[in-house]
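# A structural walkthrough
The chain contents come next:
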Amino acid sequence: MTTTTSRIPGLHKLSPAERLERVAKAAGLGADAVAHMRNTGNLDSATADSMIENVIGTMNVPLGVATNMLIDGRDVLVPMATEESSVVAAVCNAARQCRSTGGFTTAMSGAQMIAQVQLVGVSNPEFARLQILEHFADIKALCDETDPVLLKHGGGFHDIEVRILPGRTGPMVITHLIVDTRDAMGANAVNSMAEAVAPRIAEWTGGRTYLRILSNLADRRLARARATWSLDDIGGAEVRDGILAAFDFADIDPYRAATHNKGVMNGVSAVVLATGNDTRAVEAGAHAYAARSGQYRSLTQWEADADGNLTGTIEMPLAVGLIGGATRSHPTARIALDIMGAQTAERLACTIAAVGLAQNFAALKALATTGIQKGHMALHAKNIAVMVGAAGEEIDKVARELVAQGKVRVDVAEAILNDLRGQ
Ligand code: NAD
């Protein structure tokens, strides 16, 4: 039975268990489904309830660990949370193949976030722009007063820039507050500053301020990673040339670039999620950065060095933190950070960039050689086996037979399972 109404007044006032009961009734869930939902795994119901609204349960995603990652001369185990098969294995393989050349070298452009304040209703925007710039010291003082903790940690207000945009209803004067948010992702930190500064901007210019919020295009917080894959390690010049051609394709065609960068984000988002960071913030920043030239392009660059080895680089905004949001409230996120040994947000961002590059290498290599499906199939076959009802040892048996037959399909899996069960 499906729900007849989505109006459940007062749902937010109930406990997670009471909400689950109400939703189960409305949606006609059976006792098994309710019992399943009651098991919240290693995120207890009270913690989950403190994180978002209207909680009725939790959604568990597998947490894997990428091995072989050598980053700036240090071996790092990288926790990755993802529902997609092959993603973790791809990073392990890519990382193994660049160990002989020293692994990944990383760097960060800075830890600055941008908050935007939108001013409208001024007929002389150039004049208003200078009025705002003249108040540099006042703006700095307001920002630093808003978050003295950031200041204590060596961050805080850094600069302002003021842009004039031709809005449809008249010019807009957009003030950027540029703030070093240290080990915090910084959204709340800079949003509070924008809200503190906005009324003053309106007062100084005689205009009206509307939006006061960070930009996820965190292009002053770029993480960079590079690595070299020797021809011996990757299987020769033909593989290299295939990867270079694949990159070339992505860099000139947005249809391909979208999938190319999706592969990068398979790795990036998995580490972002595992550490309790905001996947949407990082994804929005990555894609906006990929389109900064006016055309959506690759987040990575691939070349051959003077000896013919394959070199890869990645550069992308990575606004992640160790403080704030779910990074501290989610117990698994804290443990993930411990496994990685990331002591600073910068180290975390650099590690994530290296994972993104590794992921891209693995995808391009597979695409340029055997094709993506071969590697995917073994794990995909397991999913198909589970889908048709295989349990315990049956899962592996059905999956192996699917791969052996080269037909990873539900109908074939059903037939194999029936055979196995002697039906
Ligand atoms: P936060 O406000 O919870 O914590 C950050 C604060 O911690 C800083 O302002 C500072 O006062 C303090 N702090 C203590 N030690 C610090 C250190 N070593 N370095 C830096 N700060 C330190 O978190 P936040 O990072 O400002 O905000 C992140 C959250 O905001 C995420 O949950 C995100 O999902 C959410 N958010 C995102 C957006 C967006 O991306 N568009 C918008 C709104 C909110």
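As shown above, the structure is provided for reference.
This one's a predicted model, so the numbers in the text were calculated from it and none came from an experiment.

It is worth spelling out the site of the ligand at this point. In the vicinity of the ligand lie 21 residues, with Asp147, Gly186, Ala189, Asn216 and Asp278 positioned nearest. Separating a nitrogen atom of the ligand from a side-chain N or O atom of histidine 153 is a distance of 3.3 Å. Contact distances for the ligand include 3.0 Å between an oxygen atom and a backbone N or O atom of asparagine 188. Within the complex, 74% of the 870 Å² of free accessible area of the ligand lies under protein. Ranked by residue count, the leading element in the shell around the ligand is helix H8 (residues 187-205), at four residues. Looking at side-chain class alone, the shell around the ligand contains nine nonpolar, eight polar and four charged residues. Counting contributing residues, the shell around the ligand receives three or more from each of domain 2 (63-108 + 222-369) and domain 3 (112-215).

Time to look at the sheet that holds strand E8 (residues 222-229). Two modes of strand pairing occur in sheets, parallel and antiparallel, and in both the strands are linked by backbone hydrogen bonds. The four strands are arranged E3-E8-E10-E9 in an open sheet whose pairing can be described as antiparallel. Edge positions in the open sheet fall to strand E3 (105-108) and strand E9 (300-304), since each of these has one partner strand only. Averaged over all pairs of adjacent strands, the angle between their axes in this sheet comes to 15°, without regard to strand direction. Direction of pairing for E9 relative to strand E10 (residues 310-317): antiparallel, over a ladder of five bridges. Bridge pairing links alanine 304 to leucine 310 in E10. Sheet contacts for helix H12 (residues 279-290): E8 and E10; angle to E10, the most-contacted strand, approximately 115°.

What counts and how
Residues numbered from 1 in each chain as written. Predicted model: local features only at pLDDT ≥ 70, side-chain atom pairs only at ≥ 80, totals over all residues. Heavy atoms only, no water. Near = heavy atom within 4 Å. Polar contact = N/O pair within 3.5 Å; in protein donor to acceptor, adjacent residues only side chain to side chain. Areas by Shrake-Rupley, 256 points an atom, 1.4 Å probe, with all protein chains shown as cover. Helix = DSSP H or I, 4+ residues; strand = E, 2+ residues; numbered from the N terminus. Nonpolar A, V, L, I, M, F, W, Y, C, P; charged D, E, K, R; others polar. Domains from an automatic or database assignment. Pairing = 2+ DSSP bridges. Axes fitted to C-alpha atoms, helices over the stretch in contact; angles between N-to-C directions. Contact = heavy atoms within 4.5 Å.

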